[in-house]
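Each chain is listed here by its residues.
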Amino acid sequence: MNPFLFIIRSLRLIFYLGLMVTGFGIFASAVIIFSVAEDLPKLPEPLSRIIETPKTEIYASTGERLITLGGREPVPLSRISPHFINAVLAVEDHLFHEHYGVNKLRTLKALYVTLFKPGRVEGASTITQQLAKNLFFSFERTWLRKFKELLVAFQIEYSCSKEEILHAYVNQIAFGAGAQGVEKAAQVFFGKSAANITLGEAAFLAGLPKSPTNYNPYRHYDRALARREVVIRRMESAGYITGEEAKDVLGEQPILKRDHADARTGSYFLDALINELIRLYGSDVVYYGGIRVTSTLDTRLQNIASQSVQEGLENLDAMMGIGPDEEPKPQGVLVAVDTSSGAVRAMVGGRDYYKSEYNRAIYSRRQPGSGFKPFLYYAAFKELDIHGGTVLMDSPVAIPVVGAPTWRPRNFERKYQGPMILKNALTHSVNTIAARLVQGTGIESVIKTAEMCGIKSRLEKVYSVALGASVVTPMEMASAYATLASGGVRHEPFLIWRVEDAFGRVIHEHLVRGEKILDPGITFQVVDMMKSVIDNGSGRVIRTLGFSRPAAGKTGTTDSYNDAWFTGFTPSLCTSVWTGFDRERGLRQTGGRGITGGRSAAPIWAEFMKDALANQPPRDFTVPDGIRFEEAVVTTGCSPFDMGDTQSSFMGDNQASLMGDNQASLMGEPRAVPAQEPRPATMMVPLKPGQQLCSGELESAP
Amino acid sequence: MTPWYEPTSSGEWLKRSLSLINMAIVTIAAAILISELRFDWCEYVIGRYMASINSTRPETGAIWKAGEQSSKAHTLLRNIIEERRDAARYAQEASSFSELASGILPGQWANLDKEHFKRLYLAMPPAVASEIISPARLIWLFGGDALHDGKGLQRIFCEGKVSGLEIFFLNAENRVLHHISLDKSGLENIERGEAPLVGTLEGIPEFQGRIYPAHTFFNALFKLPGETLPDIITTPETLLNLQGEIIKAGIWNEASSGFIKLGFEIRENRKNMVLFIRAREWAVWRLSKVLSGERYQDEEWMPSGEAFPEGTSLLPGDKISRGMTINSAPLQLRPFNVALPGENR
């Protein structure tokens, strides 16, 4: 065949085929347009209207704004740095001002790459298309979705000016780290307004929307920097900046704002507070309602708490020989509660929020160990009418349990010291005496006391509950000890003082309602013993660390050193500190020696309380009416001045059974004390009206 | 007509290709293509069509959803505020405590103006008002900052409950200085007076041992100084408005907030019923003394609130002050909130 004819025939074929295909395409498109257009989302007028949502603001009790949620206020283009506008145009859509919603040549090229280059996908979305997608569509990649997006983009171009489109785009685009819109992004990443960002910062921000997760500068700073270079190069090639400017900017490294690192709140307290708000009002109100919340958080205390936990855990790492890159590391929790109201003033729910958002302060249930004993002592004092000067025997104890093996609790140090007053027993956390007390008092009474004080976790009805075998949360411990601190007045712990709507109208406020649930006299007696824990007992590290204010508390360490606690209080602030591993593992030094609450949690408590209370004058616990102090010999419970004739402990009928077998009679025998014998160890014991040292008659234990 | 045939030469091909119709088709196609590339008319037409049907399209998609959530949130908040406003209006317009309790629904709350509270309180007879809150407590609450370590009463907060109303007396730090619970039905009883009980005084155990014939009772009553009488018959209208004759009177065995209940057995149309009024405790004490035949001595009275701790029970024969013996039946001095709605201590 004549080659010329072949060419002519081919051209003809191609032309008519093209014409047919185009015609069919137009027809098919028209059919699709008519069929899908009715269901496409409505475009708001003006476009920026639905971008506006009022922000929910959460404030500390001290007035600082802690976080804003969900709010978006579009800023006009005139209040956005032109560098940013240029950078966005250069990197996202340099022909923005020339096309009508779609860059046809780039789309054809992308189509070709997608169809004929397997494995490669090339984007060609214009700013208008991106806006359409972000406003109305999901991120699923389908041809139909793309087509719909295109139709909406055409409508946007028809209905809005280029300025309006750009304005909507820069105000709704996601930059990651919870920043939506350029103003928020500038605030989040650089702590300044979008109007004031530099060229380098503008280019840095403009690079992020391509993949906010991959380029999250707080996690992948190098990637974000590399992406910025791409932006700078495009700006240079688009003529927005000169080569010299590009070079200068590339030499700079934008400095990120330190205290905002993620889309997450970055705070265990705020997580807990937001959950509480959602429980009260639902998530719509919290994220879209524009409410103003005044929380109970004290930012100064929170900062001190975070620092104390951090330093305490670093010391613990060193004690345990855990290197900086070694995992797992022990966790630490601190909750501080205002004793006069129940307001949670500080909360640290773990070692590093960004590694684990799990809020151990309110969700982690752990055994409190001896930290539970104050509730036992209160119950025993109330039920048995005994006091800190009552003597019990520290000796091996075996308590039969119906349907279970005999309970044989041992002391932590595996040593037994014989008779001692209860104040001394709590001071040194003697388990055998606690076991005898729970046997005499009854489990129900101990559990009831703990529950009245604020323990909400289910407590098992077993004797060992008195030694802290049932799990509780640090928040519960702080709250329950706060009841003791306030003289027996219970305040429900809370996080929110006040909630207002956008117009300042109050929709919720917390009323401080104290409920008097404990006897003030007995409570004081228990508190007095807990003071001794800090002054002379298992928590005396508090004093060696320089915390000199009147304070009471109790250490708690479980048998396998899985949990180490210190919960304590001054008259105004109650703080619970827990340390331990998330998974079952004991806190042990490199040599294998276990680490107690007195060595891990108490130092954190001391450091926190020292700084937290620095601005307050020292104040001692109020002594209730009728309470008098008497000096008691630690081993006998009698006054040191009565030693000659009554060197013994006398117990009432209901107390005698608490003595160890074969021990009670020993207690009853008066012992002659030589005149030259050194003065025995004594403790001051608070007594209620009617209570006496060495009172009653001793009866043999059964 | 010559049937179509394929050109046989290149010239023919060229000639036919450049025919008018072909040139027109190519030109039109090119014009359409170029004009579209240049003027984007296709996008414009589609955009215009889309805009024309915009109002009929649904408000769907991510941003509308956010808008919807925002709208839901505002509706919810508006409802809360409106409920609060309603409750506040009820609180300010209420002319009695029972109206107040009925107006503030469960879950609603409102601040009650201090002066308004006082007006509601003072509008009631003292015997009735003291059941809401004792006058001494109220004076203590309204007594200013000095009585409360510089943090005295700031506002009164009412919260609706299913059973009635909780009233909180708050200081500037939102701390509850005092709190009272008002039970709706109990409140109506307090304000309207206790409903008459069909039956006799003997049928009510609390009067046992302190029931007197009417004439004995009134004889004893008139032996008291005249100024004492209003403190015994505090709400005379309760008795005056009823038909029938008073046949017996009795003294309740409990005192609360400085008042003791008196019962009057009325016979009307051969039916017996008991009417209740509240009398001042100290006046009843004097009356009891006269009824028991002892000589009345004015200085012997000792207010129970000071002489005995709350909850003290006096058994028959117990001396409650110098030489004084209560008749024969137990007289229990119990905290106000044990048996009646009122103060929560």
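Parameters at a glance
Residues numbered from 1 in each chain as written. Chains lettered and ligands numbered in written order. Predicted model: local features only at pLDDT ≥ 70, side-chain atom pairs only at ≥ 80, totals over all residues. Helix = DSSP H or I, 4+ residues; strand = E, 2+ residues; numbered from the N terminus. Rg over C-alpha atoms; globule rule 2.2 N^0.38 Å. Buried ≥ 20, exposed ≤ 12 C-beta atoms within 10 Å, placed from the backbone. Contact = placed C-beta atoms within 7 Å. Nonpolar A, V, L, I, M, F, W, Y, C, P; charged D, E, K, R; others polar. Pairing = 2+ DSSP bridges. Axes fitted to C-alpha atoms, helices over the stretch in contact; angles between N-to-C directions. Parallel < 35°, antiparallel > 145°, perpendicular 65-115°, else oblique. Left-handed = near helix turned anticlockwise from the far one by under 90°. Core = buried A, V, L, I, M, F, W, Y, C linked by C-beta atoms within 7 Å. Expected span 1.5 Å × (residues − 1). pLDDT = per-residue confidence, 0-100.

Along the backbone of chain A there are 24 helices and 20 strands. Taken over C-alpha atoms, the radius of gyration comes to 36 Å for chain A, far larger than the 27 Å a tight globule of 702 residues would show. Summarising its shape, the C-alpha atoms of chain A cover approximately 135 × 55 × 50 Å along the three principal directions. For chain A, the proportion of its 702 residues judged to be buried stands at 50%.

In terms of helices and strands, chain B carries 14 helices and 14 strands. Within the span of chain B, comprising 345 residues, buried residues form 29% of the whole. Nonlocal contacts in chain B, meaning residues at least 24 apart in sequence, comprise 56% of its contacts between residues at least 6 apart.

Moving on to the environment of Ser-356 of chain A. Residue and element names in this part refer to chain A. For Ser-356, the position within the fold is in the loop between strand S7 (344–348) and helix H14 (360–363). Given 14 C-beta atoms within 10 Å, Ser-356 falls into the partly exposed group. Between the C-alpha atom of Ser-356 and that of Asp-385, which follows or precedes it by 29 residues, the distance is 47 Å.

A few words now on the interface of chain A and chain B. If you look at the interface, chain A gives 41 residues, while chain B gives 43 residues. Of the residues in the side of chain A that touches chain B, the class split is 24 nonpolar, seven polar and 10 charged.

We now examine the pairing of strand S17 (residues 563–569) of chain A. Regular strands place their side chains on alternate faces of the sheet. Residue and element names in this part refer to chain A. Of all seven residues making up S17, seven are buried, and the element is well covered by its neighbours. The alternating pattern of S17 places Asp-563, Trp-565, Thr-567 and Phe-569 and Ala-564, Phe-566 and Gly-568 on opposite faces, both of which are buried. Of the pairings in the sheet, the one linking strand S16 (residues 552–557) to S17 comprises six bridges and is antiparallel in character. Counterpart to Gly-553 in the pairing with S17 is Gly-568.

Moving on to the pairing of strand S6 (residues 331–338) of chain A. All names here are of chain A. Along S6, eight of the eight residues are buried, which leaves the element largely enclosed by surrounding structure. In terms of strand pairing, S6 meets strand S18 (residues 573–580) through eight bridges, oriented antiparallel. Of the residues in S18, the one forming a bridge with Val-335 is Ser-576. Inspection of the sheet shows S6 paired to S7 by four bridges, in the antiparallel sense. By the bridge assignment for S7, Val-337 is matched with Val-344.

Turning our attention to the sheet that holds S7 of chain A. All names here are of chain A. A sheet is described by the order of its strands in space; here five strands give the open sequence S7-S6-S18-S17-S16, paired in antiparallel fashion. Both outer strands of the open sheet, S7 and S16, are each paired with one neighbouring strand and no more. Across this sheet, the average inter-strand angle for adjacent strands is 5°, counted without regard to direction. In terms of strand pairing, S17 meets S18 through seven bridges, oriented antiparallel. Each bridged residue has a counterpart across the sheet, and for Trp-565 the counterpart in S18 is Trp-578. Along the sheet face, helix H13 (residues 299–320) touches S6, S7 and S18 and points at about 150° away from the line of S6. Against the sheet, helix H20 (residues 520–536) touches S16 and S17, its axis set at about 65° to S16.

Turning our eyes to something else, we now look at the sheet that holds strand S13 (residues 496–500) of chain A. Residue and element names in this part refer to chain A. As summarised here, the arrangement of the five strands in space is S2-S1-S5-S13-S14, forming an open sheet in which the pairing is mixed. Here the strands that pair on one side only, and so sit at the sheet edges, are strand S2 (65–69) and strand S14 (506–509). Within this sheet the neighbouring strands show an average axis-to-axis angle of 15°, counted without direction. In this sheet, S14 lies alongside S13 in antiparallel orientation, the contact comprising three bridges. Among the inter-strand pairings, Glu-500 is bridged to a residue of S14, identified as Val-506.

A separate point is the packing of helix H15 (residues 373–384) of chain A against helix H17 (residues 431–441) of chain A. All names here are of chain A. Two elements in contact, H15 and H17, have axes whose closest approach is 9 Å; the angle formed by their N-to-C orientations is 45°. Classed by the angle they form, the pair H15 and H17 counts as oblique. Of the two elements, H15 crosses H17, and the hand of that crossing is left-handed. For the pair H15 and H17, the contacting residues are Lys-373, Leu-376, Ala-379, Ala-380, Glu-383 and Leu-384 in the first and Ala-434, Leu-437, Val-438, Gly-440 and Thr-441 in the second.

Further remarks concern the environment of Glu-164 of chain A. Its place among the elements puts Glu-164 of chain A in helix H6 (residues 162–172). Expressed as a C-alpha distance, the spacing of Glu-164 of chain A and Thr-107 of chain A, which sit 57 residues apart in the sequence, is 23 Å.

Moving on, we come to the packing of H13 of chain A against helix H22 (residues 597–612) of chain A. All names here are of chain A. Close contact between H13 and H22 brings their axes to 9 Å; oriented N to C, the two are set at 150°. Judged by the angle between their axes, H13 and H22 are roughly antiparallel. Where H13 crosses over H22, the handedness of that crossing is right-handed. Counting all contacts with H13, which are made through Leu-301, Ile-304, Ala-305, Ser-308, Val-309, Glu-311, Gly-312, Asn-315 and Leu-316, the residues of H22 involved are Ser-600, Pro-603, Ile-604, Glu-607, Phe-608, Asp-611 and Ala-612. Looking at the contact of H13 with H22, its residues break down into nine nonpolar, four polar and three charged.

Residues and elements named next belong to chain A. Of all hydrophobic cores here, the largest spans 129 residues; its most connected members are Leu-334, Val-335, Ala-336, Leu-376 and Trp-605. Ignoring sequence-local partners within four residues, the contact set of Val-335 consists of Val-344, Met-347, Ala-361, Pro-474, Met-475, Ala-478, Thr-575 and Ser-576. In this structure, Leu-150, Ala-153, Ile-156 and Val-182 belong to the second largest nonpolar core, which totals 62 residues.

Moving on to helix H8 (residues 199–207) of chain A. Taken across its nine residues, H8 of chain A has eight buried, putting it largely inside the fold. Those residues of H8 of chain A hidden inside the fold are in contact with helix H2 (82–92), strand S3 (174–176), helix H7 (182–190), helix H9 (221–237) and helix H10 (243–250) of chain A.

With that settled, the discussion passes to helix H19 (residues 474–485) of chain A. All names here are of chain A. Here H19 spans 16 Å end to end across 12 residues, near enough to the 16 Å set by a 1.5 Å rise per residue. Burial of H19 is extensive: 12 of the 12 residues sit out of reach of the surface. Directly beyond the C-terminal end of H19, a positive phi value near 80° is found at Gly-487.

A separate point is unusual backbone geometry. Between Glu-327 of chain A and Pro-328 of chain A the backbone carries a cis peptide bond, its omega angle lying at -5°. Following the sequence through the fold, Pro-328 of chain A ends up in the loop between H13 and S6. The backbone of Asp-149 of chain B shows a phi angle near 50°, a positive value even though the residue is not glycine. With respect to the helices and strands, the residue Asp-149 of chain B is situated in the loop between helix H8 (135–141) and strand S2 (153–160). For Asp-149 of chain B, a count of 8 C-beta atoms within 10 Å translates into the label exposed. In the Ramachandran plot, Arg-270 of chain B falls in the positive-phi region, its phi being about 60° despite a non-glycine side chain. Positionally, Arg-270 of chain B belongs in the loop between strand S8 (259–268) and strand S9 (271–280).

This part takes up the confidence of the model for chain B. Residue and element names in this part refer to chain B. In this model, chain B carries a mean pLDDT of 78, and residues with pLDDT of at least 70 account for 82%. Segment residues 299–345: pLDDT under 50, and 89 contacts once partners within four positions in sequence are set aside and those in other chains are kept. Interface confidence for the predicted complex, given as ipTM, is 0.72, next to a pTM of 0.73.

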